[in-house]
Amino acid sequence: MDLIPSFSVDHTKIVPGIFESRVDDIAGNKITTYDVRVTRPNIEPCVDVSAMHSLEHIIATFLRNDPDWKDEVIYWGPMGCLTGFYLILKGNRAPKEIVDLLIRAFDSVKDSEEVPGVEPENCGNCCMHNLVYAKWYAAKFADYLKSNKDNDAIYTYPKTERLATEDGRQFFDS
Ligand SMILES: [Zn+2]
């Protein structure tokens, strides 16, 4: 089985930021997947799962309603490892070109009075939400992006020559 490209990233050296994960060409149109990494994998605690779920709902709603970006957004969703989100956009912008969008998206959480789409008809686990925690993580990440906007390290993944961890294991989670 081939290891997919994102596993060639050395996850022990990732800092929070916005990273190009992959670029696909679909019928001549470029589609870019970004890793929006909120916490340092394996170094600091991952995002609380209920906060992650609420951030998924609030930010997806923000992105799909933003007049300048809504037509560019294909997907926003959480990483299974709970350290960040996947964002899929039409086109192939550099991560730095979407930092202001993400600052606005995470800043929008602090003004949220409720999590959208939490009725049982709209959500697969409507009890698993936490707006207070979501606000805490969102404020922390928005502040981080603002103070590191001009730091190229938050846009560049540390690559590894090896496709396995130090002790020879391969990993199947991003
Ligand atoms: Zn849900």
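Residues numbered from 1 in each chain as written. Predicted model: local features only at pLDDT ≥ 70, side-chain atom pairs only at ≥ 80, totals over all residues. Heavy atoms only, no water.

Visitor: Now, about the overall build of the chain: what can you tell me, with residues and values included?
Guide: Of regular secondary structure, the chain possesses 3 helices and 4 strands. Listed N to C, the secondary structure of the chain is β-β-α-β-β-α-α in terms of helices and strands. Here the chain holds 174 residues, and 47% of them are scored as buried. Pairs at least 24 apart in sequence give 68% of the contacts found in the chain among residues at least 6 apart. A total accessible area of about 9,600 Å² is found for the chain, and carbon and sulfur atoms account for 51% of it. (Helix = DSSP H or I, 4+ residues; strand = E, 2+ residues; numbered from the N terminus. Buried < 20%, exposed > 50% of the residue type's maximum accessible area, 1.4 Å probe, protein only. Contact = heavy atoms within 4.5 Å. Areas by Shrake-Rupley, 256 points an atom, 1.4 Å probe, with all protein chains shown as cover.)

Visitor: Help me get a handle on the pattern of salt bridges, residues and values and all.
Guide: Taken as a whole and assessed by the stated rule, the structure comprises 10 salt bridges. A salt bridge links Glu72 to Arg93; the nearest nitrogen and oxygen atoms lie 2.8 Å apart. One end of the pair, Glu72, is in the loop between helix H1 (49-65) and strand E3 (73-78); the other, Arg93, is in the loop between strand E4 (84-90) and helix H2 (99-107), with 21 residues separating them in the sequence. A salt bridge links Lys146 to Asp107, with the shortest nitrogen-to-oxygen separation between them at 3.0 Å. Of the two residues, Lys146 is situated in helix H3 (residues 131-148) and Asp107 in helix H2; the sequence distance between them amounts to 39 residues. Each of Asp107, Lys110 and Lys146 takes part in a single network of salt bridges with overlapping partners. (Salt bridge = Lys/Arg side-chain N within 4 Å of Asp/Glu carboxyl O.)

Visitor: Residue-level account of the coordination of the zinc ion, with values.
Guide: His53 (NE2), His57 (NE2) and Cys123 (SG) make up the full set of protein donors to the zinc ion, lying at 2.1 to 2.3 Å. Between consecutive donors of the zinc ion, the numbers of intervening residues give the motif H-x3-H-x65-C. Of the two residues, His53 and His57 are both situated in helix H1; the distance of 4 residues between them amounts to about one turn of the helix. Accessibility assignment for this pair places His53 and His57 in one class, buried. (Donors = N, O, S within 2.8 Å, 3.2 Å for Na, K, Ca; no water.)

Visitor: Please provide a residue-by-residue account of the nonpolar core, values included.
Guide: If you look at the biggest cluster of nonpolar residues, it comprises 38 residues, and the most contacted ones within it are Leu63, Trp76, Leu87, Leu102 and Phe106. Where this core is concerned, the elements lending two or more residues are strand E2 (29-37), H1, E3, E4, H2 and H3. Among the elements that line this core, the one with the most residues is H1, at 8 residues. With near-sequence residues (within four places) excluded, Leu87 lies in contact with Thr32, Thr33, Tyr34, Val36, Leu63, Tyr75, Trp76, Ile98 and Leu102. (Core = buried A, V, L, I, M, F, W, Y, C linked by side-chain atoms within 4.5 Å.)

Visitor: How would you explain the pairing of strand E1 (residues 17-26) if you had to name every residue and give the values?
Guide: In terms of strand pairing, E1 meets E2 through 9 bridges, oriented antiparallel. Bridging from a neighbouring strand, Val23 pairs with Thr32 of E2. (Pairing = 2+ DSSP bridges.)

Visitor: Mind laying out the pairing of E2, listing which residues take part and the relevant values?
Guide: Burial analysis of E2 places 7 of its 9 residues in the buried class, the great majority of the element. Here E1 folds back onto E2 in antiparallel fashion, the turn holding 2 residues, of which Ala27 has a positive phi close to 50°. As judged from the 7 bridges shared by E2 and E4, these two strands associate in the antiparallel manner. Of the residues in E4, the one forming a bridge with Ile31 is Lys90.

In short, shape yes, function no, at least from these values alone.
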